Amino acid sequence: MFSVTVRDHIMIAHSFRGDVFGPAQQLHGATFVVDATLRRAELDENNIVVDIGRAAQELSAVLGELTYRNLDDDPALSGVNTTTEFLAKVIADRLIERLGAEASDLSGIAVTLHESHIAWATYERDL
């Protein structure tokens, strides 16, 4: 299995509902380093998994829709606890959608959001 990973970051604000979140129920900010890994069983005719420049550009576009925003105010995320795990899935799904036909030959995606040097969450799925 071959893979290519591109990295970017987002800065968001949000709050959570539920006692399990303690003080994070209040509006707070978060900065995430975001890694998106695209997988493929065999390299294409150019010996690549995916155009790394395009993958980076599309990840940046996906994150641009989220960064510097209060996610509580985003209609697409309204009423949802935008946990790190949940955001990893949102980003993965949106990135695959933006890659369009180029994603059809990929076998999988994994998106990891790093909250800090000691905590991160990943969503991955087969394509």
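Check the entry above for the structure.
Residues numbered from 1 in each chain as written. Predicted model: local features only at pLDDT ≥ 70, side-chain atom pairs only at ≥ 80, totals over all residues. Heavy atoms only, no water.

Trainee: Got a sec to walk through the pattern of salt bridges? Specific residues and values, please.
Mentor: In this structure the tally under the stated criterion is 9 salt bridges. Of the charged contacts in the structure, one is a salt bridge between Glu124 and Arg39, with a shortest N-O distance of 3.7 Å. On the criterion of sequence distance, the pair formed by Glu124 in strand 5 (residues 120–126) and Arg39 in strand 2 (residues 28–40) is long-range, its members being 85 residues apart. The exposed category is assigned to Glu124, whose relative accessible area is 52%. (Salt bridge = Lys/Arg side-chain N within 4 Å of Asp/Glu carboxyl O. Helix = DSSP H or I, 4+ residues; strand = E, 2+ residues; numbered from the N terminus. Buried < 20%, exposed > 50% of the residue type's maximum accessible area, 1.4 Å probe, protein only.)

Trainee: How would you sum up the pairing of strand 5? Please name residues and give values.
Mentor: Direction of pairing for strand 4 (residues 108–114) relative to strand 5: antiparallel, over a ladder of 7 bridges. In the strand pairing of strand 5, Gly108 is matched with Asp126. Between strand 4 and the antiparallel strand that follows it, strand 5, lie 5 residues. (Pairing = 2+ DSSP bridges.)

Trainee: Got a sec to walk through the pairing of strand 4? Specific residues and values, please.
Mentor: Walk down a regular strand and you will see the side chains alternate between the two sheet faces. With respect to burial, strand 4 is a largely interior element, 7 of its 7 residues being buried. Covered by surrounding structure in strand 4 are Gly108, Ala110, Thr112 and His114 together with Ile109, Val111 and Leu113, the residues of both alternating faces. Note that strand 2 and strand 4 share 7 bridges and pair antiparallel. Across the sheet, Val33 pairs through a bridge with His114, a residue of strand 4.

Trainee: Please give an account of the environment of Phe86 that cites residues and values.
Mentor: Mapped onto the secondary structure, Phe86 falls in helix 2 (residues 84–99). Separated by 37 residues in the primary sequence, Phe86 and Tyr123 have C-alpha atoms spaced 8.1 Å apart. Not counting chain neighbours up to four residues away, the residues in contact with Phe86 comprise Leu77, Val80 and Asn81. (Contact = heavy atoms within 4.5 Å.)

Trainee: An account of helix 1 (residues 52–64) is needed here, citing residue identities and associated values.
Mentor: Because each turn of an α-helix spans 3.6 residues, side chains separated by three or four positions in sequence point in the same direction. When the terminal C-alpha atoms of helix 1 are compared, their 18 Å separation across 13 residues agrees well with the 18 Å that a helix rising 1.5 Å per residue should span. Turning to helix 1, its buried residues are Ala55, Glu58, Leu59, Val62 and Leu63. Along helix 1, the residues classed as buried sweep out an arc of 135° about the axis, all on the same side. Next to the buried residues of helix 1 lie strand 1 (2–14), strand 2 and helix 2. (Expected span 1.5 Å × (residues − 1). Arc of directions from axis to C-beta.)

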